[in-house]
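# Structural features, examined
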Amino acid sequence: MAALSFVRQNLLRSKFFWHFVCFALFIHSHQGFAQEQGEIETFDLLMPNVLPKKAETYFCTPIRIDSDTDYYLVGFVPNATMDTAHHMLLYGCEEPGSDEEVWNCGEMAVKDPSLKSSEPCKKGAQVIYAWAHDASALQLPPGVGFHVGGRSKIQYITLQVHYASVDRFVGGVRDDSGVFLKYTTIRQPKSAGVLLMGTGGRIPANSVEYMETACKINEDKVIHPFAFRTHTHALGRVVSGYKVSRVNRRDEWKLIGKQDPQLPQMFYPVANNLTLSKGDTVAARCTMVSNRNWVTRIGMTGADEMCNFYIMYWADSRKGVLDQKHCFSSGPPNYYWDVEHNLINPPIDASQL
């Protein structure tokens, strides 16, 4: 049995001790798939009974991973409801945003004055999982895993929870929302990664607006998208993502995924079996419909908007995942596909389901 593994920052409480011990089981030196139930363990990454006092609060809590052992996350089971949490994110970090057990971590969001404030990660931030709208559990394909701890750059995982409402906590009820991590120590031949696409910008009153972003893949790696996720707030109607290749001076668009963001915001299987490699462009659009009599801007609160398209993919573990983790644009009115990236002939149904 190896040494203890995941360690909650500054806190080794008895309720977590059994998970620390269990996390060191099943050490295997060979490469293979963690398909047998006995080869997969669970670690509960939960808020430590916090009490959010104001709506639009963002809290973060971290765990430290054993740097002597390589682990592979192969599944995520949410422990939350949309009545409690607006959304949850898991960040992989080289260094956490704070040494505190819990801290405020929403830029320009409501802050608990009794807690310190910081970003989710101080160094090396990358999203590895996201949840909203009562999304269900996610199981990665066989042989695919997020490499954490050991030789990985991910030495910490930070859980971020956005509490859009605090009605449930009136009277002192506390919260343990979070994610049950499914993991193995069996080396997985395919490394999982996430490319997060998004925009800034604003949506005029009483309008339909396209919030678009695009980036070219510049690394000499081949990635295989297998799942996608969309995220907006109330104004989002359709979010779509594409692979764009220039062939004979014409852009060829192939759908990665498209979804109504008002449905459970889980990771869905991609629409087409495709690969992305050096020279390809990834493009995403959020179609927003506003019946409001005021301008709505991208921001952190439920009254603001967001436009995100997540691509979850695998790559050969010998080459690793993309160094690029994000693809963001300034959004409307300054950025559109045809203006900044000269992308032409986008699909006419990019804003239709």
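Residues numbered from 1 in each chain as written. Predicted model: local features only at pLDDT ≥ 70, side-chain atom pairs only at ≥ 80, totals over all residues. Heavy atoms only, no water.

### Considerations on the layout of surface pockets
Condition: In this analysis a 1.4 Å probe is tested at points of a 1 Å grid over the protein atoms alone, and where it fits but cannot get out there is a cavity; an open set with protein on both sides within 12 Å along at least five of seven lines is a pocket; lining residues have an atom within 4 Å of a point. Grid points are joined across faces, edges and corners, and a volume is the space filled by probe spheres set on the points. By the criteria applied, helices consist of DSSP H or I runs no shorter than four residues and strands consist of E runs no shorter than two, each listed in order from the N terminus. Each residue gets one of three labels, nonpolar for Ala, Val, Leu, Ile, Met, Phe, Trp, Tyr, Cys and Pro, charged for Asp, Glu, Lys and Arg, and polar for the others, Gly among them.
By volume, the largest pocket amounts to about 740 Å³. In terms of lining, the largest pocket is formed by 33 residues, of which the most central are Leu89, Tyr91, Glu107, Met300 and Met306. Of all the secondary structure elements, the ones that give two or more residues to the lining of the largest pocket are strand S5 (87-93), strand S9 (126-132), strand S14 (190-199), strand S17 (224-232), strand S23 (307-316) and strand S24 (326-329). The residue makeup of the lining of the largest pocket, split by class, is 19 nonpolar, ten polar and four charged. The computed volume of the second largest pocket comes to approximately 570 Å³. Every residue lining the second largest pocket is counted, 27 residues in all, and those nearest its centre are His147, Ser152, Lys153, Gly320 and Val321. Put simply, the parts of the chain that give the lining of the second largest pocket at least two residues each are S9, strand S11 (144-149) and S14. Grouping the constituent residues of the lining of the second largest pocket by class yields nine nonpolar, nine polar and nine charged.

### As for the confidence of the model for the protein chain
Detailed reading of predicted coordinates is not advised where the pLDDT is low. The test is simple: For every residue, the predictor assigns a confidence score, pLDDT, that lies between 0 and 100. Between two residues, a contact is recorded if the distance between any of their heavy atoms is within 4.5 Å.
Per-residue confidence for the protein chain gives a mean pLDDT of 88, with 89% of residues at or over 70. Note that pLDDT drops below 50 for residues 8-31; the model gives that stretch 63 contacts with residues more than four away or on any other chain.

### Things to note about the side chain of Thr301
The criterion, for reference: Here a polar contact is taken to be a pair of N or O atoms separated by no more than 3.5 Å, where protein atoms must pair a possible hydrogen donor with a possible acceptor and residues adjacent in sequence count only if both atoms sit in side chains.
Looking at the secondary structure, you find Thr301 in the loop between strand S22 (296-297) and S23. Looking at Thr301, its side chain comes within polar contact range of the side chain of Asp304, at 2.9 Å. What Thr301 contacts, discounting residues up to four positions off in sequence, is Glu56 and His233.

### Quick word on the pairing of strand S21 (residues 281-290)
It is a general feature of regular strands that their side chains alternate between the two faces of the sheet. Rule in force here: Think of it in three bands: with a 1.4 Å probe and only protein chains considered, a residue is buried below 20% of the maximum accessible area for its type, exposed above 50%, and partly exposed in between. Pairing between two strands requires that DSSP report at least two bridges joining them.
In terms of residue burial, S21 counts as a mostly covered element, since nine of its ten residues are buried. Note that strand S16 (residues 207-216) and S21 share ten bridges and pair antiparallel. Residue pairing for S21: Glu212 is matched across the bridge by Arg285. The pairing of strand S18 (residues 236-247) with S21 spans eight bridges and is classified as antiparallel. Within the sheet, the bridge partner assigned to Val238 lies in S21 and is Thr287.

### Looking at the environment of Val270
By the element assignment, Val270 lies in the loop between strand S20 (268-269) and S21. For the pair Val270 and Gly257, spaced 13 residues apart in the sequence, the C-alpha separation amounts to 5.3 Å. For Val270, the residues in contact, after removing those within four places along its chain, are Pro225, Phe226, Ala227, Phe228 and Ile256.

### A few points about the sheet that holds S18
Selection rule: Interaxial angle, 0 to 180 degrees, is taken between N-to-C directions of lines fitted to C-alpha atoms, where a helix line uses only the stretch in contact.
Spatially, S16-S21-S18-S19 is the arrangement adopted by the four strands of the open sheet, whose pairing is antiparallel. A strand with exactly one partner marks an edge of an open sheet, and here the two such strands are S16 and strand S19 (250-259). Within this sheet the neighbouring strands show an average axis-to-axis angle of 25°, counted without direction.

### Quick look at the packing of aromatic side chains
The line we're drawing: In summary, the pairing rule links any two rings of Phe, Tyr or Trp, Trp by its six-membered ring, whose centres are within 6.5 Å, and it sorts them by plane angle into stacked for under 30 degrees, edge-to-face for over 60 and tilted for everything else. Charge-over-ring placement is defined geometrically: NZ (Lys) or CZ (Arg) within 6 Å of the ring centre, and within 35 degrees of the ring normal.
Applying the stated criterion to the full structure yields eleven aromatic pairs. Where Tyr163 meets Phe169, the ring centres are 5.7 Å apart and the plane angle is 80°; that geometry is what we call edge-to-face. Considered together, Tyr163 and Phe169 belong to a single accessibility category, that of buried residues. Every member of this aromatic cluster is reached through a ring pair, and the members are Phe76, Tyr129, Phe146, Phe267 and Tyr310. Note that Lys190 overlies the ring of Trp314, its terminal NZ or CZ placed 4.3 Å from the centroid. Lying across the ring of Tyr210, Arg285 places its NZ or CZ 4.0 Å from the centre.

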